[in-house]
Amino acid sequence: MQDKKCELHLPDGRTARFAYSRLKAGLAAAAVLLAAAVGTAGYLYYQLADYRSEAAEFAAYKEHKEKQQAKLQQLLNDHEKMLRDMAEISNLEKKLRRAIIRDVDSSRLNAGALTDTPAAASSYTGQGGAKSMDAQSTMAVLQAQNVNIRRGLDATKRSVSNLLGELEGRSGTLAAFPDRWPTDGGVISSGYGGRTGPIDAGYEWHTGVDIAVDFGTPVYAAAAGTVEQAGWNGGYGRCIRLNHGNGYETIYGHMSGLAVSAGQQVIKGEIIGFVGSTGYSTGPHLHYEVLADGQNVDPFYVLK
């Protein structure tokens, strides 16, 4: 059977002849191509939507993970700080007990009663096992540990407060205890513990407190004692180190001038120097440290 011929009259008078079956085939092919194009476009759109959804989920997961990591790091930092605080305040408690046991009248205070009963014994609540841990369980463990450490710190602080009460009941005993504020006023510009370095911006452990106050402000001895050092000491600048006995020492740094010399005896509240900005310093302030048996402790444990 012959294909049916179709004629198409053109505007210029010519006539175009073609087979009808070929026209149908061409239209069918065009329809197939169009359908394929539409299908491909739909598939690509679906893939794009799916990609965007997965990208959003990944971004949310990444943000959540970063928050969890930041929370875990903060817990670790708090944990380390509290462990240091626990060790330091326990050390102070031992020094206070030693001072009382050595000096107090045995008729007023039984030394054995002090040494046989640890102040924080009632807060010993540690338990554990060999369970495996992931990030989530690690945070839970740190939180539980931090709660117990805080309890221990509170118990030890109460014990120290009671011991200070015993000392205050005896005239003259506190003269050698470094609890006097070393300047007239001032603002704490940098506390004790971890911090960002004031000059190089790196992490460092600050062994004392910085008291920002006017240049030339008098610096007072926090307790009676002997001047171990008075002069330039590297990053401390002009510096004084006092020995108060019973394991206590204090350090005063960055001073503009000194009013005492090595070997001199000083009384509590005596002027020993003047605030400055010598050594590793960005401006006038006093760097103040307290040591117990050679170990730095937070000055606020003993300052009034």
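Quick look at the structure, then. Everything numeric here is computed off the predicted structure, so don't read it as measured data.

What counts and what doesn't
- Residues numbered from 1 in each chain as written.
- Predicted model: local features only at pLDDT ≥ 70, side-chain atom pairs only at ≥ 80, totals over all residues.
- Heavy atoms only, no water.
- Helix = DSSP H or I, 4+ residues; strand = E, 2+ residues; numbered from the N terminus.
- Contact = heavy atoms within 4.5 Å.
- Salt bridge = Lys/Arg side-chain N within 4 Å of Asp/Glu carboxyl O.
- Buried < 20%, exposed > 50% of the residue type's maximum accessible area, 1.4 Å probe, protein only.
- Core = buried A, V, L, I, M, F, W, Y, C linked by side-chain atoms within 4.5 Å.
- Pairing = 2+ DSSP bridges.

## Some thoughts on the environment of A224
Phase 1: Mapped onto the fold, A224 is located in the loop between β7 (218-220) and β8 (225-232).
Phase 2: In sequence terms A224 and A176 are 48 residues apart; their C-alpha atoms lie 4.7 Å from each other.
Phase 3: For A224, the residues in contact, after removing those within four places along its chain, are A175, A176, N243, H244, V266, I267 and K268.

## Things to note about the pattern of salt bridges
Phase 1: As enumerated under the stated definition, the model contains five salt bridges in all.
Phase 2: Of the charged contacts in the structure, one is a salt bridge between K268 and D179, with a shortest N-O distance of 2.5 Å. Here D179 lies in the loop between α3 (135-168) and β3 (187-190) and K268 lies in the loop between β11 (265-266) and β12 (271-275), a separation of 89 residues in the sequence.
Phase 3: A relative accessible area of 27% places K268 in the partly exposed class.
Phase 4: By relative accessible area, which is 5% here, D179 ends up buried.

## Here's the deal with the nonpolar core
Phase 1: Residues I240, L242, Y252, I272 and Y288 are the most contacted members of the largest nonpolar core, which totals 31 residues.
Phase 2: When residues of this core are traced back to their parent elements, those giving at least two are α1 (20-103), α3, β6 (209-212), β9 (238-245), β10 (248-258), β12 and β13 (285-292).
Phase 3: The dominant element in this core, judged by the number of residues it contributes, is β13, at four residues.
Phase 4: If we ignore the near neighbours within four places in the chain, the residues touching Y288 are P178, P182, G208, V209, A222, T250, I251, Y252, P299 and L303.

## As for the pairing of β9
For a regular strand, side chains alternate in direction, first toward one face of the sheet and then toward the other.
Phase 1: Alignment of β8 against β9, held across six bridges, turns out to be antiparallel. By the bridge assignment for β9, V227 is matched with L242.
Phase 2: Counted along the chain from β8 to the antiparallel partner β9, the turn is five residues long, and its residue G234 has a positive phi close to 50°.
Phase 3: Strand direction decides the pairing type here: β9 and β10, joined by six bridges, are antiparallel.

## Some thoughts on the environment of A222
Phase 1: Within the element layout of this structure, A222 appears in the loop between β7 and β8.
Phase 2: Expressed as a C-alpha distance, the spacing of A222 and I272, which sit 50 residues apart in the sequence, is 10.0 Å.
Phase 3: Those residues within four positions of A222 in sequence are excluded, and the remaining contacts are F177, P178, D179, R180, T250, Y252, K268 and Y288.

## What to know about unusual backbone geometry
Phase 1: The backbone of N246 shows a phi angle near 55°, a positive value even though the residue is not glycine.
Phase 2: For N246, a relative accessible area of 27% corresponds to the partly exposed category.
Phase 3: Although it is not a glycine, H254 adopts a positive phi angle of roughly 70°.
Phase 4: For H254, a relative accessible area of 5% gives the class buried.

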